[in-house]
Amino acid sequence: GPSSKKWEAYAYIGWNRVMINNEECKHLSHYIHEIGHNLGLNHSGKNGVSLSDKSDYMGYSYDSVRWPLMCFNAAKNWQLGWYKDKTIELINISNCGPWKGRLYGYVDYPSVEEDGYVIIKVNDIYIQFNKIKEDINKDMIEDANLMVFTNSTSGFGPQSWSLGSLNETGSTWEYGDLLRVDLCGYNTKKLSDSEIDLEYLDIVIRAPDQKSICNQEGEDDLSNDKCAIKTSLLSDSPSVLPTNAPSMKPSMTSSVSPSSSPSKTPSISPTRTPSGVPSNETSDGPSSSQSTTPTKLPSMMLSIAPSTIPSNHPSTNPSFSPTAIQSSQPTNDPSNVPEPSTKPSLEPSVKPSQGLSLEPSVKPSLELPLENLAKPALELSLKPSLKPSPEPSVKISLEPSLKPRWRHIYNHFWNHL
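This write-up is about the structure you can find in this document. All residue numbers here refer to positions counted from 1 along the written sequence of the relevant chain. Under the rules for a predicted model, residues below a pLDDT of 70 receive no local features and side-chain atom pairs below 80 are neither given nor counted, while totals for whole chains, interfaces and linings still include all residues. The basis for the side-chain values is all heavy atoms of the structure; hydrogens and waters are excluded.

## Examining the packing of aromatic side chains
Ring pairs shown here join Phe, Tyr and Trp side chains whose ring centres sit within 6.5 Å, with only the six-membered ring taken for Trp; geometry is labelled stacked below 30 degrees between planes, edge-to-face above 60, and tilted in between. Under the definition given, this model contains 14 aromatic pairs. With a centroid separation of 5.9 Å and an interplanar angle of 65 degrees, the aromatic rings of Tyr10 and Tyr12 are classed as edge-to-face. When its relative accessible area of 16% is taken as the criterion, Tyr10 is described as buried. Think of it in three bands: with a 1.4 Å probe and only protein chains considered, a residue is buried below 20% of the maximum accessible area for its type, exposed above 50%, and partly exposed in between. Relative accessible area serves as the criterion here: at 39%, Tyr12 is assigned to the partly exposed category. A centroid spacing of 6.0 Å and a plane angle of 45 degrees characterise the contact between Tyr10 and Trp15, whose relative ring orientation is tilted. A residue is classified by how much of its surface remains accessible, and Trp15, at 22% relative accessible area, is partly exposed. Ring pairs connect the aromatic residues Phe72, Trp82, Tyr83, Tyr106 and Tyr109, which therefore count as one cluster. The ring centre of Trp78 lies 5.4 Å from the NZ or CZ of Lys84, which sits over that ring. To sit over a ring, a charge needs its Lys NZ or Arg CZ within 6 Å of the ring centre and within 35 degrees of the ring normal.

So this is what it looks like as structure tokens:
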């Protein structure tokens, strides 16, 4: 980043902008180097010194307007996922090697034949042919027209290191006790009487205890697919940032944490366990088991059995059968099955009830049964009636009526005349 000293340009890994100081903006390498940081690339070094790989734009920048024209090293190209259908990874070379193949320059990527590759990865080693080509890679400062080896650190924004190169037919590059790479020869193509094109390199990759097969002839020896993983359809690591659109199919494993925002459309199949909070919309049918908390809206269809716990508010329409526990408030309409009330009603009913109420009514019934008017009571009442009955009682009252019967008064008066 910038400091108190005069700075030229800077950017950070994963940024979406580049900062260039004043007239430094006219230098080509500043742009490519800093945009490389935006793309997730770290610096490229050599011999333990960061930025010292001069075959890669992630090394030093240069104070030139339109120079140099070059690109990135093998580790950076692999990290970017470029030339994916012409890259290959060799695994377990000690058991299935040696492997023999053709290495083309990435500048010829559009014309690479089916059995050729532009980047080869073995363990943590990346191999490419730094071929010079007009208008693409013509200003390669070092390792031009050579087979170059780089490795890369792990983690976010890995630093790459140049490990060496090969340029002579019959030479071998050694990587400790793990790897040997033989440069079997250059395959050239005559373009004119004075111009020859380096088309590709024949190479052999093997373990230290395996013999070179550079001198073996025949097309069958060119590729040992037992060691190869073609990477045209597979990425070596997940993307740094999530994609803007959902994938067509769900992933095989669940994510570590849920997404910050819900998806725009519901899933095709229901989840195996209920959600922690109720949904805002009604479901097409009732769920097989009750939710932890009541939903905000009723379901479109009736549930098979009544709920165990009454709802906080009465339903709009009565249920077909009474609930096991009474609701806190009465419903607007009565239920289909009549039940006598435990207390008298505030208003008189139109007709008297079939049986005795537990307490007397506050007000009398509007109608009185005719049979009660036609005959006196069969049993003696404890107290006299307030009004005389139309016929005498069958049995004598324990106490006289408050008011005498009119016929008795008439007879008494006539007998004393």
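Okay, back to it.
## Here we look at the sheet that holds strand 6 (residues 116-117)
Think of it this way: DSSP has to see at least two bridges between two strands before they count as a pair. A run of H or I in DSSP becomes a helix once it reaches four residues, and a run of E becomes a strand once it reaches two; helices and strands are each numbered from the N terminus. If you trace the five strands from one edge of the open sheet to the other, you get 6-5-13-12-11, paired in mixed fashion. The open sheet has two edge strands, strand 6 and strand 11 (172-175), and neither has a second partner. Examined bridge by bridge, strand 12 (residues 179-190) and strand 13 (residues 196-206) share ten bridges and lie antiparallel to one another. Its bridge partner being in strand 13, Asn187 is matched across the sheet by Tyr200.

## What about the pairing of strand 8 (residues 125-129)?
With five of its five residues buried, strand 8 lies for the most part within the structure. Residues Ile125, Ile127 and Phe129 point to one face of strand 8 and Tyr126 and Gln128 to the other, with burial holding for every one of them. In this structure, strand 7 (residues 119-122) lies alongside strand 8, joined through three bridges in antiparallel fashion. Across the sheet, residue Val122 finds its bridge partner in strand 8, namely Ile125. The antiparallel pairing of strand 7 with strand 8 creates a hairpin that spans two residues between the two strands, and Asn123 there sits at a positive phi of about 55 degrees.

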